[in-house]
Amino acid sequence: MAWIATMFYRNRRLISFILAFVLFWPIALSPGRIRPIVGEIIASALYFPFSELKDYIHELSKVTEENRYLRLQVVESSLQLSAQAEAIRENRRLREFLGFEPPENFRVVPVKIVSLLQNIYPVAAIINKGSNDSIAVDQPVINRFGLVGKVVEVMPEFANVALLTDPSNPVSGRVADSRQIGIVRFSPEKGLYFDNLPADALFKAGDLIITSGLGGVYPAGLSIAKIDSATAEKGDILKTIWLTPAVNFFEIDELYVLISEKK
Amino acid sequence: MRIIPYILYLYLLAFHYTILSDLISIYGATVDLAALMITIIAMYKDELTAFWFAFAAGIVAGTFRLDLMPWEILFLTGFAVLINHISRRINISAITARMIILAGFLIVHETLTILLISSESFLYLMYRYVLPSTVYSLIPGWVFFLIKDERLTWNEIKAQF
């Protein structure tokens, strides 16, 4: 046996070349049968783990990209949803307003608030229509709940509105049931109140205060507030009534300017 | 001849062809790792080791294009034996000598392979693929020789920063 091993060792170069030739020949001469088998063996033994790894990495990068795209979609969808929800709310408000009958000889111009000036309470607003849309000074501004204020300054595209919460903007009002007339004012400390009422004026909590129509600025009958409580010291000639405004000035959004159609 | 390191080299080759080649390719030029590994093994190992490794590398490299498999085996084994003989007959202690052998083999291997695959003009192929790939493959070869000769050590790299 030793001589065989010695013979192999001495001729290992020749044996190697012969063996390589024996292996090479079928690969070279049988492209349709042996080569695919060899390729299959090498591919499954050497390439397969790496091709799986490559596919995995590729899949992972696709998932990352998809994730990024979906996040963007979620943001876009949530924006669309918010816009839709806002449109639904606006639609509801506008539908509610559809039932509103403007006072006689007045027409309604819908406006939007561009900016709201706040000083503890909102006191003034800039609206998105001006003299180009027939908006003029002293026109009443309302929303679907009642009187909001009046136009005090007009620009071509914008107008300034003084709200009822502006202390320098008193309104002549009356108790809807008893027809007592007084002045509705606003004080930052006390809130909205009805002033200049005689001490024996008849009213009860919850009575509606409406515009009196006196003074020529506001038409009669616009809701201003509801009576909350009253104070009158013994011997006082006049009485002060505390009011709850019909309009929540912190939530005003769509407004309507009443434009007189009288020539 | 311990066989496990060579099997790992073949896995490295498969990894290169599957993943690495795409990642490191610059305008279509990539490292010819098969030729690089065979040259290095042929320079530092004996003839039979280089021969059998080149044979196996030829099969691995030819798996992508089965029609080229016999050619790959022929080129790589032939050059492995040739480089081994050259290395034993001339003094290759200088890096330049090894780089010249490597460059020669890379150019010939790239040229033969690309001529078998492509039908475009020879000069265009040389300019567009063969020379850039050869230069690109020489860089890791050069770094390997520097590390092998201990001219580039970890301490020297650290000293640069």
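Residues numbered from 1 in each chain as written. Chains lettered and ligands numbered in written order. Predicted model: local features only at pLDDT ≥ 70, side-chain atom pairs only at ≥ 80, totals over all residues. Heavy atoms only, no water.

Looking now at the overall build of chain B. A count of helices and strands for chain B gives seven helices and zero strands. Counted from the first residue to the last, chain B has its helices and strands arranged as α-α-α-α-α-α-α. Relative to its 161 residues, chain B shows a buried fraction of 49%. Summarising the internal contacts of chain B: among those between residues at least 6 apart in sequence, 67% fall at separations of at least 24. Surface exposure of chain B reaches about 8500 Å², of which carbon and sulfur atoms provide 68%. (Helix = DSSP H or I, 4+ residues; strand = E, 2+ residues; numbered from the N terminus. Buried < 20%, exposed > 50% of the residue type's maximum accessible area, 1.4 Å probe, protein only. Contact = heavy atoms within 4.5 Å. Areas by Shrake-Rupley, 256 points an atom, 1.4 Å probe, with all protein chains shown as cover.)

With that settled, the discussion passes to the confidence of the model for chain B. All names here are of chain B. Looking at chain B as a whole, the pLDDT averages 90, with 99% of positions reaching at least 70. Summarising per-element confidence for chain B, the mean pLDDT is lowest in helix α7 (residues 154-159) (83) and highest in helix α2 (residues 33-44) (94). For this predicted complex, the interface score ipTM comes out at 0.80, alongside a pTM of 0.57. (pLDDT = per-residue confidence, 0-100.)

Our next topic: the side chain of Arg98(B). Take Arg98(B): it is sitting in helix α5 (residues 95-117). The residues contacting Arg98(B), other than those within four sequence positions of it, are Met43(B), Tyr44(B), Ile92(B), Ser93(B), Phe145(B) and Asp149(B).

Listed per partner, the contact involves 26 residues of chain B and 23 residues of chain A. The tally of links from chain B across to chain A stands at two salt bridges. A salt bridge links Arg13(A) to Glu47(B); the nearest nitrogen and oxygen atoms lie 2.4 Å apart. The tally of links between chain B and chain A comes to seven residue pairs in polar contact (both at pLDDT 80 or more). For the side of chain B that touches chain A, the elements supplying multiple residues, two or more each, are α1 (4-24), α3 (47-62) and α4 (69-89) of chain B. In terms of residue class, the side of chain B that touches chain A is built from 20 nonpolar, three polar and three charged. (Salt bridge = Lys/Arg side-chain N within 4 Å of Asp/Glu carboxyl O. Polar contact = N/O pair within 3.5 Å; in protein donor to acceptor, adjacent residues only side chain to side chain. Nonpolar A, V, L, I, M, F, W, Y, C, P; charged D, E, K, R; others polar.)

The subject of this paragraph is the nonpolar core. Ranked by internal contacts, the top residues of the largest apolar core, which has 52 residues, are Ile38(B), Phe53(B) and Ile59(B). Listing elements by their share of this core, those giving two or more residues are α2 (12-29) and α3 (34-98) of chain A together with α1, α2, α3, α4, α5 and α6 (122-148) of chain B. Considering each element in turn, this core owes the most residues, ten residues, to α2(B). Aside from chain neighbours lying at most four places away, what touches Ile59(B) is Ile27(A), Val38(A), Ile42(A), Met69(B) and Ile73(B). Ile127(A), Val148(A), Val151(A) and Tyr218(A) belong to the second largest nonpolar core, which has 40 residues in total. (Core = buried A, V, L, I, M, F, W, Y, C linked by side-chain atoms within 4.5 Å.)

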